[in-house]
Amino acid sequence: MSISVSEFIEDFASKLSNDQVSLFVGAGVSTEIGLPSWKMLFSDVAKALSLDIDAIDDYYQLSQYYCNKYSESDLKRLVALKLQTIETGSKTLERLLDLDFKSIWTTNFDTAIENCLLSKRTRYYKVHNDKDLSCINTNLMPVLYKINGDINDLENIVLTQSDWENYEYS
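Small disclaimer: the values here were computed from a predicted structure and weren't measured. One numbering rule holds for all chains: residues counted from 1, following each sequence as written. Reporting in this predicted model follows two pLDDT cut-offs: at least 70 for local features of residues, and 80 or more for side-chain atom pairs to be given and counted; totals over whole chains, interfaces and linings ignore these cut-offs and use all residues. Hydrogens and water molecules were not included; the side-chain quantities draw on all heavy atoms of the structure.

K.L.:
Would you take a moment to explain the overall build of the protein for this structure?
P.N.:
Assigned secondary structure in the protein consists of 9 helices and 4 strands. Mapped from its N terminus to its C terminus, the protein presents α and β elements in the order α-β-α-α-α-α-α-α-β-α-β-β-α. Seen through its principal axes, the protein has C-alpha atoms that stretch 50 × 35 × 35 Å. Per-residue accessibility, obtained with a 1.4 Å probe over protein chains only, is compared with the maximum for each type, and a residue is labelled buried under 20%, exposed over 50%, and partly exposed between these values. Expressed as a percentage of the 170 residues in the protein, the buried residues total 42%. Sequence separation of 24 or more characterises 61% of the internal contacts of the protein that already satisfy a separation of 6 or more. For the purposes of this entry, the term helix denotes a DSSP run of H or I that reaches at least four residues, the term strand denotes a run of E that reaches at least two, and both are numbered from the N terminus. Two residues form a contact once any of their heavy atoms are found within 4.5 Å.

And the structure:
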């Protein structure tokens, strides 16, 4: 059963106003402010391993290979250098955040969403590890769930195949 565009918009608007909709933000939004896509984020990793980044489709596996050959700290250093930003100028992100979602989910490590929320003077609560879950109150402010971790907590980011395989346990 299909619905018309106007029916979808009416239904979405109703659910949004009743806090029944979450926003999911992927890496594409961060590229708008100059942060790298996953492919570009791992291009130096592939180069160090003499691999063609265009032939890679599993970045967790690539990261694991790099980590096994070099070290986890080298991998995290490479990633961290590419993701530090104070930019807030993503028009797409600004428009999305104007919709006042109470729940925002992202796989991004970077701080683009946080920077945009701060530039809008919007208080938020960030969840990027298990300890953060105990303090959630969605009635007070939006909750930002960073399911792969946060660039400011490199010890707990999900970056390698091993991290991904152990995700549910850690």
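K.L.:
How do you make sense of the side chain of T106 when you look at a structure like this?
P.N.:
Among the structural elements, T106 can be located in strand β2 (residues 103-106). Residue class for T106 comes out buried when judged on its relative accessible area of 1%. Side-chain polar atoms of T106 contact the backbone oxygen of V25, separated by 2.7 Å. Not counting residues up to four positions away in its chain, the partners in contact with T106 are F24, V25, I113, L144, Y145, K146, I147 and N148. In the analysis that follows, any N or O atom pair within 3.5 Å is treated as a polar contact, provided that within protein one partner can donate a hydrogen and the other can accept it, and provided that, for residues neighboring in sequence, both atoms belong to side chains.

K.L.:
What's the story with the side chain of D153 in this structure? I'm lost.
P.N.:
Structurally, D153 is set in the loop between β4 (143-146) and α9 (161-165). In summary, the charge assignment counts Lys and Arg as positive and Asp and Glu as negative, without counting His or the chain termini. Each reported salt bridge corresponds to a side-chain nitrogen of Lys or Arg within 4 Å of a carboxyl oxygen of Asp or Glu. For the buried D153, which has no salt bridge, the nearest side chain bearing the opposite charge is K131, at an N-O separation of 7.3 Å. Setting aside residues up to four positions removed in sequence, D153 forms contacts with H128 and N129.

K.L.:
What is the right way to look at helix α8 (residues 112-119) in this model?
P.N.:
One turn of the α-helix equals 3.6 residues, which is why residues spaced by three or four share an orientation. Buried residues dominate α8, accounting for 6 of its 8 residues. Along α8, the positions that sit buried rather than exposed are A112, I113, E114, N115, C116 and L117. Among the structural elements, β1 (23-25), α2 (27-31), α7 (91-97), β2, β3 (125-127) and β4 are those in contact with the buried residues of α8.

K.L.:
Where do I start with the sheet that holds β1 in this structure?
P.N.:
The pairing criterion is simple: DSSP has to find at least two bridges between the two strands. What the 4 strands build is an open sheet, ordered β1-β2-β4-β3; its pairing is parallel. Edge positions in the sheet fall to β1 and β3, since each of these pairs with one other strand and no more. Adjacent strand axes in the sheet meet at a mean angle of 20 degrees when their direction is disregarded. Two elements, β1 and β2, share 3 bridges in a ladder whose sense is parallel. Directly across from L23, in β2, lies its bridge partner I104. Each axis is a line fitted through C-alpha atoms, and for a helix only the stretch in contact is used; angles between axes span 0 to 180 degrees, taken between their N-to-C directions.

Treat this as a map of the structure, not an account of what it does.
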